[in-house]
There are 2 protein chains.
Amino acid sequence: MEQVLTVPTVSTEARLEASPFLRACRGLPVPYTPVWLMRQAGRYMPQYRAVRARYSMLEMISTPELAAEVTLQPVRAFELDAAIIFADILPPLMGMGLKLDFVPGRGPVLENRLQRAYDIDLLATPPAEETILAKTLEAVRLVAAELTPRGIPLIGFAGAPFTLASYAIEGGGSKNYARVKALMYGEPAAWKRLMTKLVTVQVDYLLKQVEAGASALQVFDSWAGAALGREDYRRYVQPYSRMLFQQLERAGVPVINFSAGTAPYIADVASCGGDVIGVDWRMPLGWFRQRIGEGRSIQGNLDPVALLAPWRELKARIDEVLAEAGGRDGHIFNLGHGILPETPPENVRRLVEYVHARTMRGEAL
Amino acid sequence: MEQVLTVPTVSTEARLEASPFLRACRGLPVPYTPVWLMRQAGRYMPQYRAVRARYSMLEMISTPELAAEVTLQPVRAFELDAAIIFADILPPLMGMGLKLDFVPGRGPVLENRLQRAYDIDLLATPPAEETILAKTLEAVRLVAAELTPRGIPLIGFAGAPFTLASYAIEGGGSKNYARVKALMYGEPAAWKRLMTKLVTVQVDYLLKQVEAGASALQVFDSWAGAALGREDYRRYVQPYSRMLFQQLERAGVPVINFSAGTAPYIADVASCGGDVIGVDWRMPLGWFRQRIGEGRSIQGNLDPVALLAPWRELKARIDEVLAEAGGRDGHIFNLGHGILPETPPENVRRLVEYVHARTMRGEAL
């Protein structure tokens, strides 16, 4: 097992803890509302496309120097308050025994998708450092070594058990999630074994990212809302997501619980855990806040498509999100979903500057 | 302009009006809960696949005898309480000037999608009978001639303005609706002209279906919930959907307002109009009922994937829907989305029989 390469000194750690992002995660007063963007290391940046043109997705993920480079690009280009490690949610499935490929135009494909209960029993649960995830852990170390002294937090992440289970059973993207749901309904015991294995693997991976230098974690349940009604969520997902967040409490860093399409049952999602609830753009931020309850921070929720609109319209929509946040602490500005490849980088620059300027808390802090 | 071919006699009309489906649409007492299934004329039926193997989608839609045949197949095979005309939501766009093709494996594609405000101004708004929709109106006549004497209602349908606008601007299916939303945000005046034209065309088409013999109408806003947050829905969609439902009041038949993915703002959707609100499977029926309010019927909402589960599980889920409906009148049993091609027809038979048997109101009626 590899050792953590950089041990931050007390002063750099204190500096990190004073960052607006980490303070907002904890609901503490901040000088201004921090902002980062889901998928901020992505195709909308020419710098990213230049790297991507020369390497495949899997090469980028599994070459720590490349992953570190693209992780740092948006932090160099914009005044973002946090970085998020460049990686993908699917590689943990490779360590478990699935063959992952990124097919141009089709997205990720798992050749040997799970078809029977038996396939689930064959899945391994190796520790992250013995799989391709070791490369991401190394990338976390490289990025943390650069950002920690500058007081910029690095977010580690992983997919929630349901979203990973969907990919593993559907074999890739899905329109109606018929395969994963048919297995859930038809073979509940096998479903339980699968979800339990995924919790094991994901908790290990997330904790190792913290050991490697991540200052916060985000768990993405990107597909739960598209696939599941509330009763299914409660029955087949909530017990495992709850287990995951409970086991992450010992990480000692803030954990963000993000999901999409779950507005009608966001209270059930929030009850699984997490210091921060990341919400999508489908309902106003205040609406979510009401349902999530007090005592937790909230992250979101500009519609990513707003970044394609003229500045006047984009500005009005940023103002709406900020008004919904009510100038209160415990808000991290973000999109309600990943940034789109066709986004003009100039709009990202203006967004970040505007959020900071507009939320500056004055001399009080 | 063609004439309506069959003029139902008073007695056949009275018989239709006594059908459980039409009574449930109006919230009147029924002998048992009526049931039909969205996309019930579809690929899950071997009879349908036999026709589909010999004709393209567009041939089936534009050949009244074929459309009538596949419309009748499920009503012959199962004890369904209504038929829905076999058609597609996109042909109205052909009459307006868009070139539609169904590409195997890719779904519908519009070659000359709307790209500029100027393209919108070139769109025509011809009456249905002067376009390919005449073929669907003829199919409605053929089916009504067969079903009306037997007291089985035929449902006519069309897409809601937003869903059609999405297709017209995206050029086909879409992942994030970036094009349609960028136009909405960036060119609100052009958006208004487009939506107004779509209301004109769809109202005409729906009213003509009633003239041709449809006993009820369903308007599908399949994409609103996937594409839009509540504020966008209110600003860019609601005024036009409201206009549409208002203009349909003179049809004199019940109108079903169906949408998917709109649970968090279902009250806004319902406020557009419709005698019946059709809801998806994401939340329990009673949850929707609370937000829709009294005085309207509700249609739904079994998850279509439940039809792939073993009977024990499927039965439990049907029971859940019926329990949520609370044995009250004003409920039409349906799926929360279209039936899946991989559904075993045997499960459809059992579902229909079970809903009827389970909801039989006894001798009181």
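Just above sits the structure.
Our subject in this report is the structure included herewith. On a predicted model such as this, the values are computed, not experimentally measured, just so you know. (Residues numbered from 1 in each chain as written. Chains lettered and ligands numbered in written order. Predicted model: local features only at pLDDT ≥ 70, side-chain atom pairs only at ≥ 80, totals over all residues.)

## Quick notes on the overall build of chain A
Part 1 of the argument: Tallying secondary structure elements over chain A gives 17 helices and nine strands in all.
Part 2 of the argument: Its C-alpha radius of gyration of 19 Å places chain A within 12% of the 21 Å reference for a compact globule of 365 residues.
Part 3 of the argument: By its C-alpha atoms, chain A is 60 × 45 × 40 Å across when sized along the principal axes.
Part 4 of the argument: Taking all 365 residues of chain A together, 54% fall into the buried category.
Part 5 of the argument: Relative to all contacts within chain A whose residues are 6 or more apart in sequence, the contacts with residues 24 or more apart total 74%. (Helix = DSSP H or I, 4+ residues; strand = E, 2+ residues; numbered from the N terminus. Rg over C-alpha atoms; globule rule 2.2 N^0.38 Å. Buried ≥ 20, exposed ≤ 12 C-beta atoms within 10 Å, placed from the backbone. Contact = placed C-beta atoms within 7 Å.)

## Considerations on the interface of chain A and chain B
Part 1 of the argument: The interface of chain A with chain B comprises 25 residues on the first partner and 25 residues on the second.
Part 2 of the argument: Of all the secondary structure elements, the ones that give two or more residues to the side of chain A that touches chain B are helix H10 (178-186) and helix H13 (230-248) of chain A.
Part 3 of the argument: Counting residues per element, the side of chain A that touches chain B draws most heavily on H10 of chain A, at five residues.

## Observations concerning the nonpolar core
Side chains of nonpolar character tend, in soluble globular proteins, to be buried together.
Part 1 of the argument: One finds Ile 85, Val 143 and Leu 217 of chain A together with Ile 85, Val 143 and Leu 217 of chain B to be the most contacted residues of the largest nonpolar core, which totals 252 residues.
Part 2 of the argument: Look past the residues within four positions of Val 143 of chain A in its chain and what remains in contact with it is Ala 68, Thr 71, Leu 72, Ala 83, Ile 85 and Leu 154 of chain A. (Core = buried A, V, L, I, M, F, W, Y, C linked by C-beta atoms within 7 Å.)

## Quick look at the relation of the copies chain A and chain B
Part 1 of the argument: Between chain A and chain B, which share one sequence, the superposing operator has a rotation angle of 180 degrees and an axial displacement of 0.0 Å; the RMSD is 0.0 Å. Expressed as an axis order, the relation between the two copies is that of a two-fold axis. When C-alpha distances to the rotation axis are compared across chain A, the minimum falls at Pro 264 of chain A, with a value of 2.5 Å.
Part 2 of the argument: When the interface residues of chain A are mapped onto chain B, 100% of them again fall at the interface, so both copies present the same face. (Least-squares fit on C-alpha atoms with pLDDT ≥ 70 in both.)

## Re the sheet that holds strand S5 (residues 216-221) of chain A
Hydrogen bonding along the main chain pairs the strands of a sheet, whether they run parallel or antiparallel.
Residue and element names in this part refer to chain A.
Part 1 of the argument: Here we have seven strands laid out as an open sheet, ordered S1-S4-S5-S6-S7-S8-S9, and parallel in their pairing. Lying at the two open borders of the sheet, with one neighbouring strand each, are strand S1 (83-84) and strand S9 (331-335).
Part 2 of the argument: The strands touched by helix H15 (residues 285-292) are strand S7 (276-278) and strand S8 (297-302); relative to S8, the strand with the most contacts, the crossing angle is about 150 degrees. (Pairing = 2+ DSSP bridges. Axes fitted to C-alpha atoms, helices over the stretch in contact; angles between N-to-C directions.)

## Points about the pairing of S5 of chain A
Residue and element names in this part refer to chain A.
Part 1 of the argument: Burial runs high along S5: six of the six residues are buried.
Part 2 of the argument: On S5, burial covers both faces: Ala 216, Gln 218 and Phe 220 on one face and Leu 217, Val 219 and Asp 221 on the other are all buried.
Part 3 of the argument: Judged from the five bridges that link them, strand S4 (residues 154-159) and S5 form a sheet pairing that is parallel. When the sheet's bridge partners are listed, Gly 156 is paired in S5 with Leu 217.

## A word on the sheet that holds strand S4 (residues 154-159) of chain B
Residues and elements named next belong to chain B.
Part 1 of the argument: In space, the seven strands of this open sheet follow the order S1-S4-S5-S6-S7-S8-S9, with parallel pairing throughout. Two strands lie at the open edges of the sheet, namely strand S1 (83-84) and strand S9 (331-335), each paired on one side alone.
Part 2 of the argument: By the bridge criterion, five bridges tie strand S5 (residues 216-221) to strand S6 (residues 255-259) in an arrangement that is parallel. Bridge pairing links Val 219 to Asn 257 in S6.
Part 3 of the argument: Across the face of the sheet, helix H16 (residues 311-325) comes into contact with strand S8 (297-302) and S9 while running at roughly 160 degrees to S8.

## Remarks on helix H16 (residues 311-325) of chain A
All names here are of chain A.
Part 1 of the argument: The end-to-end C-alpha distance of H16, which contains 15 residues, comes to 21 Å, matching closely the 21 Å that a straight helix rising 1.5 Å per residue would cover.
Part 2 of the argument: For H16, the full list of buried residues reads Arg 317, Ile 318, Val 321 and Ala 325. Looking straight down H16, one finds that the buried residues subtend no more than 100 degrees of arc, so they occupy a single side. Seen from the buried face of H16, the exposed residues on the opposite side, beyond 90 degrees, are Arg 312, Ala 316, Asp 319 and Ala 323.
Part 3 of the argument: A positive phi of about 70 degrees marks Gly 326, the residue just after H16. (Expected span 1.5 Å × (residues − 1). Arc of directions from axis to C-beta.)

## Focus on unusual backbone geometry
Residues and elements named next belong to chain A.
Part 1 of the argument: Cis geometry marks the peptide bond from Gly 300 to Asn 301; its omega dihedral reads -10 degrees.
Part 2 of the argument: Tracing the sequence through the fold places Asn 301 in strand S8.
Part 3 of the argument: Here the phi dihedral of Arg 39 falls at roughly 65 degrees; this positive angle occurs in a residue that is not glycine.
Part 4 of the argument: The residue Arg 39 is located in the loop between helix H2 (20-25) and helix H3 (46-52) in this model.
Part 5 of the argument: A residue is classified by how many C-beta atoms lie within 10 Å of it, and Arg 39, with 18 of them, is partly exposed.
Part 6 of the argument: Of note, the phi angle at Tyr 177 is positive, near 55 degrees, even though the residue is not glycine.
Part 7 of the argument: One can find Tyr 177 in the loop between helix H9 (161-170) and H10.

## A look at the pairing of S6 of chain B
Residues and elements named next belong to chain B.
Part 1 of the argument: Taken across its five residues, S6 has five buried, putting it largely inside the fold.
Part 2 of the argument: Going residue by residue along S6, you find Val 255, Asn 257 and Ser 259 tucked away on one face and Ile 256 and Phe 258 tucked away on the opposite face as well.
Part 3 of the argument: Across three bridges, S6 lies against strand S7 (residues 276-278) in parallel orientation. Bridge pairing in S7 places Phe 258 opposite Gly 278.

## Some details on the environment of Asn 257 of chain A
Part 1 of the argument: Along the chain, Asn 257 of chain A turns up in strand S6 (residues 255-259).
Part 2 of the argument: Residue contacts for Asn 257 of chain A: discarding those within four places in its chain leaves Val 219, Phe 245, Val 269, Ala 270, Cys 272, Gly 273, Gly 274, Val 276, Ile 277 and Gly 278 of chain A.

## Here we look at the environment of Tyr 118 of chain B
Part 1 of the argument: On the secondary structure map, Tyr 118 of chain B appears in helix H7 (residues 117-121).
Part 2 of the argument: The class of Tyr 118 of chain B is exposed, set by 9 C-beta atoms lying within 10 Å.

## Quick notes on the environment of Glu 79 of chain A
Residues and elements named next belong to chain A.
Part 1 of the argument: Residue position: Glu 79 is located in the loop between helix H5 (64-77) and S1.
Part 2 of the argument: Separated by 270 residues in sequence, Glu 79 and Arg 349 place their C-alpha atoms 7.8 Å apart.
Part 3 of the argument: Excluding its chain neighbours within four sequence positions, the residues that come into contact with Glu 79 are Val 352, Glu 353 and His 356.

## Concerning helix H10 (residues 178-186) of chain B
Counting along an α-helix, one turn takes 3.6 residues, and residues three or four places apart therefore face a common direction.
Part 1 of the argument: For H10 of chain B, the tally of buried residues reaches eight of nine residues, placing the bulk of the element in the interior.
Part 2 of the argument: Turning to H10 of chain B, its buried residues number three or more, namely Ala 178, Arg 179, Val 180, Lys 181, Ala 182, Leu 183, Met 184 and Tyr 185 of chain B.
Part 3 of the argument: Taken together, the buried residues of H10 of chain B touch H16 of chain A together with helix H9 (161-170), helix H11 (188-211), helix H12 (224-227) and helix H13 (230-248) of chain B.

## A word on the packing of helix H11 (residues 188-211) of chain A against H13 of chain A
Residues and elements named next belong to chain A.
Part 1 of the argument: At their nearest, the axes of H11 and H13 sit 10 Å apart, and the two run at 25 degrees to each other. What the angle tells us is that H11 and H13 run roughly parallel. Crossing of H11 against H13: the hand is right-handed. Where H11 abuts H13, its residues Trp 191, Met 195, Val 199, Gln 202, Val 203 and Leu 206 lie against Tyr 236, Tyr 240, Met 243, Leu 244, Gln 247 and Leu 248.
Part 2 of the argument: Looking at side-chain class alone, the contact of H11 with H13 contains ten nonpolar, two polar and no charged residues. (Parallel < 35°, antiparallel > 145°, perpendicular 65-115°, else oblique. Left-handed = near helix turned anticlockwise from the far one by under 90°. Nonpolar A, V, L, I, M, F, W, Y, C, P; charged D, E, K, R; others polar.)

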